[in-house]
Every structure is written in structure tokens, then in C-alpha cells.
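The chain contents come next:
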Amino acid sequence: MYGEPATKPVVVAVHGRCFTAGLELVLNADLCVAAADTLFGQQEVTRGIVALGGATVRLPHRAGWGNAMRYLLTGDRFDAQEAWRMGVVQEVVGPGEQFDRATALAHRIAQQAPLAVQATLADARAALRGPIAASAANLRGEVAPGSSRLPTPPKGSTP
């Protein structure tokens, strides 16, 4: 379900409406620069569905439990300043400046030692692998590697 993570940093720029899958893409990126007038929202709950693109795992890691639940459980929208406050985006710039700033950050990263950047990404991402694998396994009704949880038997089966 989840492939190997990118070995190069992913830097994104956003502007306008960044809802559901758009927000999940931001949460999958390493750095995000947002225009000041960007609106964010994870609105699946308002439609009776579950966010399956990783938001239910990545938003609590990025924004903290209470901040994540505030938006995941209500489907409410939030602005770029709130996204910055919660750590969803790393910089907020004037509308029209987001691409240039994201490109400048990407160029700055590219100036660093490539093996050190790759090792830093790998080490930092190792902390996320466990929760993400456990969440994906739970959605499939499986047991994540290293988990002590017993799988739930299918309905109608006998032990």
C-alpha cells in the first residue's frame, strides 16, 4: 500500500483551496510554503467517510493531537496562519510569492551534502514508519509488523 519513501526532500507550495487530498499531499511533503490566503480543510467526516490518504496519522504527528482532532472531527476549514501555528506549513508568504520561496528552499537544500540530506530524511522518517504501518494495517484488518495486537477473526468464523 505504501511504497518506499522518496530519498530526496519534497518541497511544496500551495495557494487557494487546499482541501482533503490536497492537504494530505501537504502532510506527505517535507516542507510546505503557503500563500497567506490559502484555506485548508480535511472534510471527509462531513461526508460520512474516513480520510484514507494518511491525514488521520500525519496530522496528529504534525499538528499535535488536540489540533488535529479539532479539524479532523469537525471538517472545519483553517487558514494559512493557523496551518503555520500548528506546523502544517513551515512558511506563510504573500500570494504569488509561494512558488519562488519554495523553490529557494529547495535550492538551499540542494546545496547541502546529498548523502547527509538522504540520511537525515531516512532517520527522521523512521519515527513515522511504525504509526503509518499500524494505521494502514488496521484499515485492512491486518496486524502491523512488530504489533502485539491479535487480528480480529472474520464474522461467522469459529476459533
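Use the structure listed above.
Below you will find a few notes about this structure. Given the structure is predicted, the values throughout are model-derived calculations rather than measurements.

Judged by pairing direction, the sheet is parallel, and its three strands sit side by side in the order S1-S3-S6 without closing on themselves. Each edge of the sheet is formed by a strand with only one pairing partner; in this case those strands are strand S1 (11–14) and strand S6 (91–93). Along the sheet, successive strands turn relative to each other by an average axial angle of 20°, direction set aside. Of the pairings in the sheet, the one linking S1 to strand S3 (residues 31–35) comprises four bridges and is parallel in character. From the neighbouring strand, Val14 faces S3, where its bridge partner is Ala34. Of the strands in this sheet, S1, S3 and S6 touch helix H5 (residues 98–110), which is tilted by about 170° from S1.

On to the pattern of salt bridges. For the structure shown, the criterion picks out four salt bridges. A salt bridge links Arg85 to Glu82; the nearest nitrogen and oxygen atoms lie 2.8 Å apart. Separated by three residues within a single helix, Arg85 and Glu82 lie in helix H4 (residues 80–86), roughly one turn from each other. For Arg85, a relative accessible area of 47% puts it in the partly exposed group. Overall, Glu82 belongs to the buried group, its relative accessible area being 18%. Notably, a salt bridge pairs Glu91 with Arg101, separated by 2.7 Å at the nearest N-O pair. On the criterion of sequence distance, the pair formed by Glu91 in strand S6 and Arg101 in helix H5 is long-range, its members being ten residues apart.

Where empty space is left becomes clear once a probe the size of a water molecule has been rolled over the atoms. Taken as a whole, the second largest pocket holds about 210 Å³ of empty space. Lining the second largest pocket, in full, are Thr7, Lys8, Pro9, Val10, Val11, Ala106, Ile109, Ala110, Gln112, Pro114, Val117 and Gln118. Of all the secondary-structure elements, those providing two or more residues to the lining of the second largest pocket are H5 and helix H6 (114–140). Of the residues in the lining of the second largest pocket, the class split is eight nonpolar, three polar and one charged.

The strand order across the open sheet built from three strands is S2-S4-S5, with neighbouring strands paired in mixed fashion. Every interior strand has two partners, whereas the edge strands, strand S2 (17–19) and strand S5 (77–79), have only one. If you compare each strand with its neighbour and ignore which way they point, the axes differ by 25° on average. For strand S4 (residues 39–41) and S5, the ladder comprises three bridges, and the chain directions are antiparallel. Along S5, the bridge assignment pairs Leu39 with Asp79. Its contacts with the sheet place helix H1 (residues 21–28) against S2, S4 and S5, and it is angled at close to 85° to S2.

Since the α-helix packs 3.6 residues into each turn, any two residues three or four apart lie on the same face. Taking 1.5 Å of rise per residue, 13 residues should cover 18 Å, and H5 covers 18 Å from first to last C-alpha, within 8% of that figure. Gln98, Ala102 and Leu105 are the residues of H5 that are buried. Along H5, the residues classed as buried sweep out an arc of 60° about the axis, all on the same side. Facing away from the buried surface of H5 by more than 90 degrees, the exposed residues are Phe99, Asp100, His107, Arg108 and Ala110. On its buried face, H5 is in contact with S1, S3 and S6.

Thresholds applied
- Residues numbered from 1 in each chain as written.
- Predicted model: local features only at pLDDT ≥ 70, side-chain atom pairs only at ≥ 80, totals over all residues.
- Heavy atoms only, no water.
- Pairing = 2+ DSSP bridges.
- Helix = DSSP H or I, 4+ residues; strand = E, 2+ residues; numbered from the N terminus.
- Axes fitted to C-alpha atoms, helices over the stretch in contact; angles between N-to-C directions.
- Contact = heavy atoms within 4.5 Å.
- Salt bridge = Lys/Arg side-chain N within 4 Å of Asp/Glu carboxyl O.
- Buried < 20%, exposed > 50% of the residue type's maximum accessible area, 1.4 Å probe, protein only.
- 1 Å grid on protein atoms, 1.4 Å probe; cavity = no way out; pocket = protein on both sides within 12 Å on 5 of 7 lines; lining within 4 Å.
- Points joined across faces, edges and corners; volume = space filled by probe spheres on them.
- Nonpolar A, V, L, I, M, F, W, Y, C, P; charged D, E, K, R; others polar.
- Expected span 1.5 Å × (residues − 1).
- Arc of directions from axis to C-beta.

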